[in-house]
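The lines below spell out each chain.
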Amino acid sequence: ISNVCSSIASVESDPIFQRVVAGNNDIPIGKLITALNNSDWVNRGRQYIGNNDICPFCQKPTVDDALKNQLEAFFSGEYDDALMHIKQIRQLYIDKTNYLLSALRAIVADETRCVIGKINISEYTANCQLLESAFAANRTSIDEKLTEPGKVVSIKSTAEIIKQLLSTIENANK
């Protein structure tokens, strides 16, 4: 469980959530995209640039190979690496939080079948629900960061709730 909790804490404190993820400003169009603060919008629009010259933003025939190349260059490198990192830690967070919640729920199920320790089920269950809500809020923020990498999001630490739950379990096992 300590490795799971460590992984969760690592994701929750990852500096990527406090960083504005933007493209390469060394590209001519990069300065404009950054100045307008619309890199997320432009990135979403890139998927609509096809093999024709119709711009997905203004619907006029203004897209040429030079513009396509600049957009690709703007969103390559650090931007793509940051998106990949967010996707990876998102999946890690989902896996580890699901595992921890499953393990915590199993304790309640076991406790209701056979009283072994002196765990306060109502307090324990309330803290489990609080933890589940915190995990859900953090997952929403992580998804928001994935959708809008240029936005700073807040991820709340769940360390205290987890510590309290683990302490309750430890005290019941004494």
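Everything that follows concerns the structure shown earlier in this document.
Quick notes on the rules
Residues numbered from 1 in each chain as written. Predicted model: local features only at pLDDT ≥ 70, side-chain atom pairs only at ≥ 80, totals over all residues. Heavy atoms only, no water. Helix = DSSP H or I, 4+ residues; strand = E, 2+ residues; numbered from the N terminus. Rg over C-alpha atoms; globule rule 2.2 N^0.38 Å. Buried < 20%, exposed > 50% of the residue type's maximum accessible area, 1.4 Å probe, protein only. Contact = heavy atoms within 4.5 Å. Areas by Shrake-Rupley, 256 points an atom, 1.4 Å probe, with all protein chains shown as cover. Lys, Arg positive; Asp, Glu negative; His and termini not counted. Charge placed at Lys NZ, Arg CZ, Asp CG, Glu CD. Core = buried A, V, L, I, M, F, W, Y, C linked by side-chain atoms within 4.5 Å. Patch = residues over 30% accessible without salt bridge, like charges linked within 9 Å, V, L, I, M, F, W, Y side chains within 5 Å. Salt bridge = Lys/Arg side-chain N within 4 Å of Asp/Glu carboxyl O. Arc of directions from axis to C-beta.

### Comments concerning the overall build of the protein
Now for step 1: Helix and strand counts for the protein come out as seven helices and zero strands.
Now for step 2: Walking the protein from its N terminus toward its C terminus, one meets helices and strands in the order α-α-α-α-α-α-α.
Now for step 3: Computed over its C-alpha atoms, the radius of gyration of the protein comes to 23 Å, more than 25% above the 16 Å expected for a compact globule of 174 residues.
Now for step 4: Seen through its C-alpha atoms, the protein measures out along the principal axes to roughly 75 × 25 × 20 Å.
Now for step 5: For the protein, buried positions account for 36% of its 174 residues.
Now for step 6: When contacts within the protein are restricted to residue pairs at least 6 apart in sequence, those whose partners lie at least 24 apart make up 74%.
Now for step 7: With the model as given, the accessible surface of the protein reaches about 10300 Å², and the carbon-plus-sulfur share is 53%.
Now for step 8: Measuring between centres, the 18 positive side-chain charges of the protein sit 3 Å from its 21 negative side-chain charges.

### Some details on the nonpolar core
Now for step 1: By size, the foremost hydrophobic cluster in this structure holds 41 residues, and its most contacted members are Phe17, Leu100, Leu104, Tyr124, Leu131 and Phe135.
Now for step 2: Sorting the residues of this core by element identifies helix H1 (2-12), helix H2 (28-36), helix H4 (65-74), helix H5 (78-113), helix H6 (121-147) and helix H7 (159-172) as the ones contributing at least two each.
Now for step 3: Looking at which element gives the most residues to this core, the answer is H5, with 10 residues.
Now for step 4: When residues no more than four places from it in sequence are discounted, the contact partners of phenylalanine 17 are Val11, Ile89, Ile142, Lys145, Lys151, Val152, Val153 and Ile155.

### Looking at the side chain of asparagine 127
Now for step 1: Tracing the sequence through the fold places asparagine 127 in helix H6.
Now for step 2: The class for asparagine 127 is buried, based on a relative accessible area of 9%.
Now for step 3: Beyond its immediate chain neighbours, meaning those up to four positions away, asparagine 127 contacts Ile161, Gln164 and Leu165.

### Examining the environment of aspartate 80
Now for step 1: Examined against the element boundaries, aspartate 80 turns out to sit in helix H5.
Now for step 2: You can call aspartate 80 partly exposed: its relative accessible area is 37%.
Now for step 3: On a C-alpha basis, the gap between aspartate 80 and glycine 23 in space is 8.6 Å, while along the polypeptide they are 57 residues apart.

### Description of a nonpolar patch on the surface
Now for step 1: On the surface, a nonpolar cluster with roughly 280 Å² of combined accessible area is contributed by Ile1, Tyr99 and Leu166.
Now for step 2: Within the fold, leucine 166 resides in helix H7.

### Some remarks on H2
Now for step 1: Those residues of H2 not exposed but buried are Ile29, Gly30 and Ile33. Down the axis of H2, the smallest arc covering the buried residues is 105°, so these residues share one side. In H2, those exposed residues whose orientation departs by more than 90 degrees from the buried face are Pro28, Lys31 and Ala35.
Now for step 2: On its buried face, H2 is in contact with helix H3 (39-46) and H4.
Now for step 3: Positioned one or two residues after H2, asparagine 37 has a phi angle of 55°, which is positive.

### Considering the pattern of salt bridges
Now for step 1: Counted by the stated rule, this structure contains five salt bridges.
Now for step 2: Note that glutamate 72 and arginine 46 form a salt bridge whose closest N and O atoms lie 3.1 Å from each other. With glutamate 72 in helix H4 and arginine 46 in helix H3, this residue pair connects regions lying 26 residues apart in the sequence.
Now for step 3: Residue aspartate 143 is joined to arginine 90 by a salt bridge in which the shortest nitrogen-to-oxygen separation is 2.4 Å. Residue aspartate 143 is located in helix H6, and its partner arginine 90 is located in helix H5; the two are separated by 53 residues in the primary sequence.
Now for step 4: Residue classification places arginine 90 among the partly exposed positions, given a relative accessible area of 26%.

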